[in-house]
Amino acid sequence: MIWEHPTLRRASMAAYFIYARSEITDAEVSRRYSELAVPQIHQFGGEVLVARGAVQPLEGDLNPQSVTILRFDDPAALMRWYESPKYAPLKQMRLESNVGDIIVVDQA
């Protein structure tokens, strides 16, 4: 494999889905969501970088129980998964079993 300079690889850049979970309201449904969501994320070209990672706040007011970070090739790929009819029932499971905040970060 020939090494490529990162800026020459492609015009589109990665996008990261970051979920800061503040509370689990139904542990069983939350566990089932994770079992079903991870294979689906892979089907849509995503990669799980951190799953329910422990958090150690350093500054500010953000203090979730855990953080999940997903990586997709670009924002469009991320949104194809997030807005897909396949994810809709899983999204509902997450909303019914967890409380948290989601942000999407574009690699600049």
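Structure first, text after, so check above.
Along each chain, residues carry numbers from 1 onward, in the same order as the chain's sequence is written. Only residues with pLDDT of at least 70 get local features here, since the model is predicted, and only at 80 or more are side-chain atom pairs given and counted; chain-wide, interface and lining totals rely on the full set of residues. Side-chain figures throughout are based on the complete set of non-hydrogen atoms in the structure, without hydrogens or water.

**Student:** Got a sec to walk through helix H1 (residues 27-43)? Specific residues and values, please.
**Tutor:** Along its 17 residues, H1 runs 25 Å from first to last C-alpha, staying within 8% of the 24 Å computed at 1.5 Å per residue. Working definition for bend: take the seven residues up to and ending at a residue and the seven starting at it, fit an axis to each, and measure the angle between the axes. Helix numbers and strand numbers start at the N terminus; a helix is a DSSP run of H or I with at least 4 residues, a strand a run of E with at least 2. When the local axis directions of H1 are compared, the greatest deviation, roughly 25 degrees, occurs at Ala37, which is followed within four positions by the proline Pro39. To sort residues, take the accessible area from a 1.4 Å probe on protein chains only and compare it with the maximum for the residue type: under 20% means buried, over 50% means exposed, and anything in between is partly exposed. Listed as buried for H1 are Ser30, Tyr33, Ala37, Gln40 and Ile41. Pairs of residues are marked as contacts when any of their non-hydrogen atoms sit within 4.5 Å. Check the buried side of H1 and you find it contacts strand S1 (15-24), strand S2 (47-54), strand S3 (66-72), helix H2 (75-82), helix H3 (88-97) and strand S4 (98-106). In this scheme, a helix's expected span is set at 1.5 Å multiplied by one less than its residue total.

**Student:** Please set out the packing of aromatic side chains residue by residue, giving values where relevant.
**Tutor:** Under the pairing criterion, centres of Phe, Tyr and Trp rings, with the six-membered ring standing for Trp, must be within 6.5 Å; the plane angle then separates stacked pairs below 30 degrees from edge-to-face pairs above 60, leaving the rest tilted. This model, assessed by the stated rule, comprises 7 aromatic pairs. Ring plane angle 80 degrees and centroid distance 5.3 Å describe the contact between Phe17 and Trp81, whose orientation is recorded as edge-to-face. With Phe17 in strand S1 and Trp81 in helix H2, the pair connects residues that are 64 residues apart, well separated along the chain. As far as the burial class goes, Phe17 and Trp81 line up, both buried. Seen in terms of ring centroids, Trp81 and Tyr87 are 4.3 Å apart; in terms of plane orientation they differ by 45 degrees. Their pairing is tilted. Taken together, the aromatic side chains of Phe17, Tyr33, Phe72, Trp81, Tyr82 and Tyr87 make up a single cluster linked through ring pairs.

**Student:** With reference to specific residues and values, describe the pattern of salt bridges.
**Tutor:** Opposite charge on two side chains allows them to pair when their charged atoms are near. The salt bridge definition used is simple: a Lys or Arg side-chain nitrogen within 4 Å of an Asp or Glu carboxyl oxygen. Throughout the structure, instances matching the rule amount to 3 salt bridges. Taking the shortest distance from any N to any O, the salt bridge between Glu35 and Arg32 comes out at 3.1 Å. Highlighted residues: Glu35 and Arg32, both in helix H1, separated by 3 residues, approximately one helical turn. Relative accessible area serves as the criterion here: at 47%, Glu35 is assigned to the partly exposed category.

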